[in-house]
Amino acid sequence: MNINYPLPNEITNLLNQKRNSPDTFQELIRPGGYMPPTIDLLMDAITALSMGKNILLKGPTGAGKTKFAETLSNLFNQPMFSVNCSVDLDAESLLGFKTLAYQGEKQVIEFIPGPVINAMTHGTFLYIDEVNMAKPETLPLINGVLDYRRTITNPFTNETITATGGFGVIAAINEGYIGTVPLNEALKNRFIVLEIPYIEGQQLKQLIQSNTKLTDETMVNLFVKLSSDLIQAVTQGKLSEDAASIRALLDACDLSVLIPPKRAILRSIVDKLDEEREREFVKNLTETYF
């Protein structure tokens, strides 16, 4: 879903100058639809990417960081390769791998490029999700990609690769989760940091109406109020961030079109929580609205 954002003329002109016309990987141009809590957030992201800077989206789970990245891909009309970080992420996952292939009847070793090499070679965006889930020794492999050099020596081919114009990096981070590690300063300093908060109030209402099948305005308003209470409980330390996930709330809105809303919330939000205390808290809160 595309949205006509109220961007000032200078930002619109900047975006138009930088919009891509890709011949390949058009299927990797993501759909738009993110509704920023303030238009400044979108303006700052567009400005940073237009200047060739990397951006780091920082915020709670389910706040819309991936949707924000996809919206930037859409606005720039720019394909976006993705890396999903984990403790298993290694050089091959980032850069590519060697495999056996045939040229006629002759067997040869062929290099299959990974997302980092593909994005650099074709001048597209690169999205690195959950960047602090990777082992500390893995991401320094691409330090040269993330700074002014925009180059890397491929350890599998010994080829030095410099990124094509249009290449840009968007990363996302959830802090404080099990399995995450703090970003080292050398890596963090290579990014412009944007804090992505939860969407609330009228913006959340618009998001529900435009991104779910729920059309009953009374029900939409109740879900908006429920979300506000969940976010407040997270802020007060009564609930984990998972409980206030906007993604989970949108799932509940969709399900509530065909099943009772209390059951929709149970399936989409409550049953994802680990602690019985938190599950009971959300159930009791749900009872007050539905």
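In what follows, the structure referred to is the one given above.
This structure is a prediction, so every number in the text was calculated from the model and none was measured.

**Some thoughts on the overall build of the chain**
Each helix and strand in the chain was counted, giving twelve helices and nine strands. Computed over C-alpha atoms, the radius of gyration of the chain comes to 21 Å, within 12% of the 19 Å expected from 2.2 N^0.38 for 290 residues, which places it in the range of a compact globule. Along the longest, intermediate and shortest principal axes, the C-alpha atoms of the chain span 70 × 45 × 45 Å. Burial analysis of the chain (290 residues in total) assigns 48% to the buried set. Counting only carbon and sulfur atoms, one obtains 49% of the accessible surface of the chain, whose full area is about 14400 Å².

**As for the side chain of serine 256**
Along the chain, serine 256 turns up in the loop between helix 10 (246-255) and helix 11 (261-268). Polar contacts involving the side chain of serine 256 include one to the main-chain carbonyl oxygen of cysteine 253, which spans 2.7 Å. If we skip the residues at most four places from it in the chain, serine 256 touches Leu214, Met219, Phe223, Pro261 and Ala264.

**Some words on the pattern of salt bridges**
Following the criterion strictly, the structure yields ten salt bridges and no others. Of the charged contacts, one joins arginine 267 and aspartate 271 as a salt bridge, the two residues approaching to 3.7 Å between their closest N and O atoms. For aspartate 271, a relative accessible area of 45% corresponds to the partly exposed category. The shortest N-O distance in the salt bridge between arginine 277 and glutamate 278 comes to 3.7 Å.

**Remarks on the packing of aromatic side chains**
What describes a pair of aromatic rings is the distance from one ring centre to the other and the angle between the planes of the rings. The final tally for this structure, using the stated rule, is five aromatic pairs. Ring centres 4.8 Å apart and planes at 25 degrees place the aromatic pair tyrosine 34 and phenylalanine 68 in the stacked group. Taken together, the residues tyrosine 34 in the loop between helix 1 (9-18) and helix 2 (39-50) and phenylalanine 68 in helix 3 (residues 65-75) connect sequence positions 34 residues apart. The exposure class of tyrosine 34 is buried, given its relative accessible area of 2%. Their ring planes at 25 degrees and their centres at 6.2 Å tell us that phenylalanine 111 and phenylalanine 156 sit as a pair that is stacked. With phenylalanine 111 in strand 4 (residues 106-113) and phenylalanine 156 in the loop between strand 6 (151-153) and strand 7 (160-162), the pair connects residues that are 45 residues apart, well separated along the chain.

**What about helix 2?**
In an α-helix there are 3.6 residues to a turn, and that puts residues three or four apart on one side. Here helix 2 contains twelve residues, and its C-alpha end-to-end distance of 17 Å stays within 8% of the 16 Å for a straight helix at 1.5 Å per residue. Among all positions in helix 2, only Leu41, Leu42, Met43, Ala45, Ile46, Ala48, Leu49 and Ser50 are buried. Those residues of helix 2 hidden inside the fold are in contact with helix 1, strand 1 (54-58), helix 3, strand 5 (125-129), strand 8 (168-173) and strand 9 (191-195). Count one or two residues on from helix 2 and you reach glycine 52, which has phi positive near 80 degrees.

**Considerations on the nonpolar core**
With 60 residues, the main nonpolar core has Phe68, Leu72, Ile170, Ile208 and Phe223 as its most contacted residues. Residue contributions to this core peak at ten residues, all from helix 9 (residues 217-235). Discounting chain neighbours no more than four positions away, the residues touching leucine 72 are Leu42, Ala45, Ile46, Leu49, Ile55, Phe125 and Ile170. Within the second largest apolar cluster, 30 residues are counted, among which are Val83, Val116, Leu126 and Ile173.

**Re the environment of threonine 124**
Take threonine 124: it is sitting in the loop between helix 5 (115-122) and strand 5. Residue classification places threonine 124 among the buried residues on the basis of a relative accessible area of 2%. Distance in space between the C-alpha atoms of threonine 124 and leucine 28 is 9.5 Å, their sequence separation being 96 residues. Apart from residues lying up to four places away in sequence, threonine 124 is in contact with Gln78, Pro79, Phe81, Ala119, Gly166, Phe167 and Gly168.

**Considerations on the pairing of strand 5**
With five of five residues buried, strand 5 is to be regarded as a mostly interior element. Burial of the side chains of strand 5 extends over both faces: Phe125, Tyr127 and Asp129 are buried on one face and Leu126 and Ile128 on the other. Across five bridges, strand 2 (residues 80-84) lies against strand 5 in parallel orientation. The partner of asparagine 84 across the bridge, within strand 5, is aspartate 129. Sheet analysis places strand 5 next to strand 8, joined by four bridges and oriented parallel. For isoleucine 128, the partnering residue across the bridge sits in strand 8 and is alanine 171.

Cut-offs applied
- Residues numbered from 1 in each chain as written.
- Predicted model: local features only at pLDDT ≥ 70, side-chain atom pairs only at ≥ 80, totals over all residues.
- Heavy atoms only, no water.
- Helix = DSSP H or I, 4+ residues; strand = E, 2+ residues; numbered from the N terminus.
- Rg over C-alpha atoms; globule rule 2.2 N^0.38 Å.
- Buried < 20%, exposed > 50% of the residue type's maximum accessible area, 1.4 Å probe, protein only.
- Areas by Shrake-Rupley, 256 points an atom, 1.4 Å probe, with all protein chains shown as cover.
- Polar contact = N/O pair within 3.5 Å; in protein donor to acceptor, adjacent residues only side chain to side chain.
- Contact = heavy atoms within 4.5 Å.
- Salt bridge = Lys/Arg side-chain N within 4 Å of Asp/Glu carboxyl O.
- Phe/Tyr/Trp six-rings, centres within 6.5 Å; stacked < 30°, edge-to-face > 60°.
- Expected span 1.5 Å × (residues − 1).
- Core = buried A, V, L, I, M, F, W, Y, C linked by side-chain atoms within 4.5 Å.
- Pairing = 2+ DSSP bridges.

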